[in-house]
Amino acid sequence: MSKKSRLRAAKAKQLEQQRLFEKEEAELEKRAKISSESRAVKKYKKAAAKKEALIFKILKAVMLVPYAVNGLFFGLITVIAVLTIGLNGISDGMAYAILGADAAMTVGIVFTFLQKYIAGFVFSAGGSLLLFGVGVRFVSKIRFYMSNYYVDPENRDMDVKYMLYFYPVLLVAVCSAAMLTVVIVGKIRRRKREKDRFNNSPVKSIID
């Protein structure tokens, strides 16, 4: 083989290697693009799955009202009245219990909005029930005072007023429990669907 022929063969071989290299590089880029798109799709699906159903938004909006109005507003007004002015038969400990209940509900609502429904339920329901219990004691002491001492006619409905201050806060516990129930039921249903899918899938012997 002449020198010219050898050079042509070497050049052709070099061109073929370059063509194969470019083909392999294009194939790698294609796979990387597909993989990237797949990750993006998975990320989108994951984000979409985390989107809350309408029922959660409604329950969160409902629980915010008694938390803000009855828990924070009326609760803190009562605390200030007890600690600064004083109310007959109402101890400072009950005022501090209100502060603890408000703090617990605040933590619970933060967890709830972070979609941590178990922790949200523990703190929200705990704080709500604590504040409700304080409210029951308030109303009981006020009724005792009203039945044993003279009360101005304008204050004859004072027990009802404090019931309206404290009792609606139970809605915080109810809403939190409802959201946790929906989450638990949803998980049970998903597991049941996965179990049914597994049980109904063809076994290896049938496929083979």
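The structure this text deals with has already been given above.
So, here is what we can say about the structure in this document. For every chain, the first residue of the written sequence is number 1, and numbering continues from 1 along that sequence. The predicted nature of this model means local features are confined to residues of pLDDT at least 70 and side-chain atom pairs, given and counted, to a pLDDT of 80 or more, with totals for whole chains, interfaces and linings taken over all residues. Side-chain numbers here rest on the full set of heavy atoms in the structure, without hydrogens or water.

A few points about the overall build of the protein chain
Secondary structure summary: the protein chain contains 7 helices and 0 strands in total. Element order for the protein chain, N to C, with α for helix and β for strand: α-α-α-α-α-α-α. Counting every position in the protein chain, which comprises 208 residues, the buried fraction comes to 25%. The helix and strand labels rest on DSSP assignments: H or I over at least four residues marks a helix, E over at least two residues marks a strand, and numbering proceeds from the N terminus. The buried label applies to any residue whose accessible area, calculated with a 1.4 Å probe on protein chains only, is under 20% of its type's maximum; exposed applies above 50%, and partly exposed to all values in between.

Looking at the environment of G93
With respect to the element layout, G93 can be found in helix α3 (residues 92-113). Look at G93 and you get partly exposed, because its relative accessible area is 45%. Along the backbone, G93 and V82 are 11 residues apart, and their C-alpha atoms lie at a distance of 9.6 Å.

Describing the packing of helix α2 (residues 54-85) against helix α6 (residues 170-200)
Geometrically, a packed helix pair is captured by the angle between its two axes and the distance between the axes. Every axis corresponds to a line fitted to the C-alpha atoms, with the helix fit spanning only the stretch in contact, and the corresponding angles, defined between N-to-C directions, vary from 0 to 180 degrees. Orientation of α2 relative to α6, taken along the N-to-C sense of each, is 160°, at an axis distance of 8 Å. On the basis of the axis angle, α2 is roughly antiparallel to α6. Read as a crossing pair, α2 and α6 show a hand that is left-handed. Residues F56, L59, K60, V62, M63, P66 and Y67 of α2 form the contact with α6, whose own contacting residues are L171, V172, C175, S176, A178, M179, V182 and V183. Three classes are used, and their members are as follows: Ala, Val, Leu, Ile, Met, Phe, Trp, Tyr, Cys and Pro are nonpolar, Asp, Glu, Lys and Arg are charged, and the others, Gly among them, are polar. Broken down by class, the residue content of the contact of α2 with α6 amounts to 13 nonpolar, 1 polar and 1 charged. Working rule for angles: under 35 degrees goes down as roughly parallel, over 145 as roughly antiparallel, 65 to 115 as roughly perpendicular, anything else as oblique. Crossings are assigned a handedness: left-handed for a near helix turned anticlockwise from the far helix by less than a right angle, right-handed for a clockwise turn. Residue contacts follow a heavy-atom distance rule, with two residues in contact if any of their heavy atoms lie within 4.5 Å.

Quick notes on a nonpolar patch on the surface
A cluster of nonpolar side chains, namely L54, I58, V62, L171 and V174, defines an oily patch on the protein surface of about 430 Å² accessible area. For the nonpolar patch, the secondary-structure elements that each account for two or more residues are α2 and α6. Considering each element in turn, the nonpolar patch owes the most residues, 3 residues, to α2. Take L54: its relative accessible area is 61%, and that puts it in the exposed class. Each patch is built from residues that are more than 30% exposed by relative accessible area and take part in no salt bridge. Like charges join if they lie within 9 Å; nonpolar side chains (Val, Leu, Ile, Met, Phe, Trp, Tyr) join within 5 Å. For the accessible areas, the method is Shrake-Rupley and the probe is 1.4 Å, while residue cover comes only from the protein chains on display. By definition here, a salt bridge exists when the distance from a side-chain nitrogen of Lys or Arg to a carboxyl oxygen of Asp or Glu is within 4 Å.

Brief notes about α3
Multiply 1.5 Å by the residue count of a helix minus one, and that product is the helix's expected span. Helix length check: α3 (22 residues) gives 32 Å between terminal C-alpha atoms against 32 Å at 1.5 Å per residue, within 8%. Each element contacted by the buried residues of α3 is listed here: α2, α4 (117-148), α5 (158-166) and α6. In the stretch just after α3, Q115 is the one whose phi turns positive, near 65°.

Observations concerning the packing of aromatic side chains
Centres within 6.5 Å are what make two rings of Phe, Tyr or Trp a pair, Trp counting through its six-membered ring; a difference in plane orientation under 30 degrees is then read as stacked, over 60 as edge-to-face, and the rest as tilted. Applying the stated rule across the entire model yields 9 aromatic pairs. Summarising the aromatic geometry, the rings of F111 and F123 are spaced 5.8 Å apart at their centres and angled 25° between planes, so their arrangement reads as stacked. Placement of the pair is F111 in helix α3 and F123 in helix α4, with a sequence separation of 12 residues. Overall, the relative accessible area of 34% leaves F123 in the partly exposed class. On the basis of an interplanar angle of 50° and a centroid distance of 5.0 Å, the ring pair of F132 and Y167 is categorised as tilted. Note that F132 is positioned in helix α4 and Y167 in the loop between α5 and α6, a separation of 35 residues in sequence. Site record: aromatic cluster; members linked through ring pairs are F73, F74, F138, Y162, Y165 and F166. Here, a charge over a ring is recorded when the distance from Lys NZ or Arg CZ to the ring centre is within 6 Å and its angle to the ring normal is within 35 degrees. We note K60 situated over the ring of F113; from NZ or CZ to the ring centre the distance is 4.9 Å.

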